[in-house]
Amino acid sequence: MVNDKDAAVIDRKAANNDSKVAVNDRKVAIVGCGFVGSSSAFALMQSGLFSEMVLIDVDRARAEGEALDISHGSPFAAPMRIYAGDYADAADAAIIVITAGAAQKPGETRLDLAQKNVAIFREIVPRIRETGFDGILLIVSNPVDVLTYAAVKLSGLPESRVIGSGTVLDTARLQEALGAHLGVDPRDVEAYIIGEHGDSELAVWSSADVAGVPLKDFCEMRGHFDHEEAEARIAEEVRSAAYEIIRRKRATYYGIAMSVRRLCQAIMRDEKSVLPVSALMVGEYGLSDVAISMPTIVGRQGIECRVPISLDETELEELRSSSDRLKGVLQQV
């Protein structure tokens, strides 16, 4: 299990290199140049949020190739220096996005990845820490909740500055599905997926609304009355979306790349946006010592606070079951 013992080992290794590096607010780094990392780099190049981006990968040639390819489009976007580098080059980044790790294979769950990807994080995160990095770590690799917990323990950073992409994408999928179901702009749908980013995630139906109208009332306004059937079907579609994409094209990357862009935007523009990110729970909803997704205010300093959304008794029990599932995995890694 990744625990305080791991952190103590890293503390001893970093004892002679505990000075922090000044943060460059116009710089981002991405660790891992697979489909997710390169798609995220492409999305961030077009965002205008940064003027410098360093790509890091164990396959240096791959990072160099991605940097060249993406940089060739820079005349069509805001000026940005894009290059391949190493961990020292990322020391002054405002955000380091970690997408490195083994990819999810057809038939494999996100939690199946835990053992091998925690081992990879035990190599990556201490190397980041040794540079004196003092920005925000954005964890995207799966299983994101387990790896966010690992990064908190290994990084030495304040808990508020280690953020997992969590159920941001799952929530977008829910909003998109509800928008299609109701024939309405998904941006006007206020509904969250919470818990594990994975098989035990849950949709919060009890407090969902569209433009301030309770979801069930809005459904009936649009001619939908079989609420339980629709909720079960849509929740399952959202939960299985990644598996369906992987089955068809072997990987998912565009949706999560847009989620990375959205999270970086919320951080760098200090938007105080409410997003369902994964972060360490410290007693909220009776949960602690586990990273899990709940609506959270996100700004320039990272996580400001959890938003205490209303959950009915069934949803609260499902959230606690999701947390127990994650804790069981943590005990195995």
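Anyway, here's the lowdown on the structure attached to this text.

Inspection of helix α9 (residues 241-249) places A241, A242 and I246 among the buried residues, and these make up the whole buried set. Across the axial projection of α9, the buried residues extend over an arc of 130 degrees, all falling on one side. Opposite the buried face of α9, at more than 90 degrees from it, the exposed residues are R247 and R248. For α9, the secondary structure elements touched by its buried residues are α6 (168-182) and α8 (227-239). One or two residues past the end of α9 sits R250, with phi positive at roughly 75 degrees.

The next point concerns the environment of E284. Mapped onto the secondary structure, E284 falls in the loop between β12 (273-282) and β13 (288-299). Here E284 falls in the partly exposed class, since its relative accessible area comes to 22%. Taking the C-alpha atoms as reference points, E284 and P308, separated by 24 residues in sequence, lie 8.3 Å from one another. At 2.7 Å, the side chain of E284 forms a polar contact with the backbone nitrogen of V282.

Bringing the sheet that holds strand β7 (residues 189-190) into the picture now. Here three strands make up an open sheet; going across it, the order is β7-β10-β11 and the pairing antiparallel. Unpaired on one side and paired on the other, β7 and β11 (213-214) mark the two borders of the sheet. Examined bridge by bridge, β7 and strand β10 (residues 209-210) share two bridges and lie antiparallel to one another. Bridge pairing links E190 to D209 in β10.

This brings us to the pairing of strand β14 (residues 302-306). Bridge analysis of β13 against β14 gives four bridges, and the strand direction is antiparallel. Note on β14: the bridge partner recorded for V298 is I303. Connecting β13 to the antiparallel partner β14 that follows it, the hairpin turn spans two residues.

Counting buried positions along β12 yields eight of 10 residues, so the element is predominantly enclosed. As defined by bridge partners, β12 adjoins β13 across nine bridges and the pair is classed as antiparallel. Looking across to β13, one finds that S278 is bridged to S293.

Bringing the side chain of S322 into the picture now. Tracing the backbone through its elements, the reader meets S322 in helix α11 (residues 313-332). A distance of 2.9 Å separates a polar side-chain atom of S322 from the backbone nitrogen of E196. Here S200 takes part through its side chain, which lies 2.7 Å from a polar atom of the side chain of S322.

What follows concerns the packing of α6 against α8. Viewed as axis vectors pointing N to C, α6 and α8 meet at an angle of 135 degrees, and their least axial separation amounts to 9 Å. Judged by the angle between their axes, α6 and α8 are oblique. In this structure, the crossing between α6 and α8 has a hand that is right-handed. Along its contact with α6, which presents D170, R173, L174, A177, L178 and H181, the element α8 presents A230, R233, I234 and V238. Across the contact of α6 with α8, the residue classes tally to six nonpolar, one polar and three charged.

Taken together, the side chains of D312, E313, E317, E318 and D324 define an acidic patch exposed on the protein surface. Here E317 is to be found in helix α11.

Cut-offs applied
- Residues numbered from 1 in each chain as written.
- Predicted model: local features only at pLDDT ≥ 70, side-chain atom pairs only at ≥ 80, totals over all residues.
- Heavy atoms only, no water.
- Buried < 20%, exposed > 50% of the residue type's maximum accessible area, 1.4 Å probe, protein only.
- Helix = DSSP H or I, 4+ residues; strand = E, 2+ residues; numbered from the N terminus.
- Arc of directions from axis to C-beta.
- Contact = heavy atoms within 4.5 Å.
- Polar contact = N/O pair within 3.5 Å; in protein donor to acceptor, adjacent residues only side chain to side chain.
- Pairing = 2+ DSSP bridges.
- Axes fitted to C-alpha atoms, helices over the stretch in contact; angles between N-to-C directions.
- Parallel < 35°, antiparallel > 145°, perpendicular 65-115°, else oblique.
- Left-handed = near helix turned anticlockwise from the far one by under 90°.
- Nonpolar A, V, L, I, M, F, W, Y, C, P; charged D, E, K, R; others polar.
- Patch = residues over 30% accessible without salt bridge, like charges linked within 9 Å, V, L, I, M, F, W, Y side chains within 5 Å.
- Areas by Shrake-Rupley, 256 points an atom, 1.4 Å probe, with all protein chains shown as cover.
- Salt bridge = Lys/Arg side-chain N within 4 Å of Asp/Glu carboxyl O.
- Lys, Arg positive; Asp, Glu negative; His and termini not counted.
- Charge placed at Lys NZ, Arg CZ, Asp CG, Glu CD.

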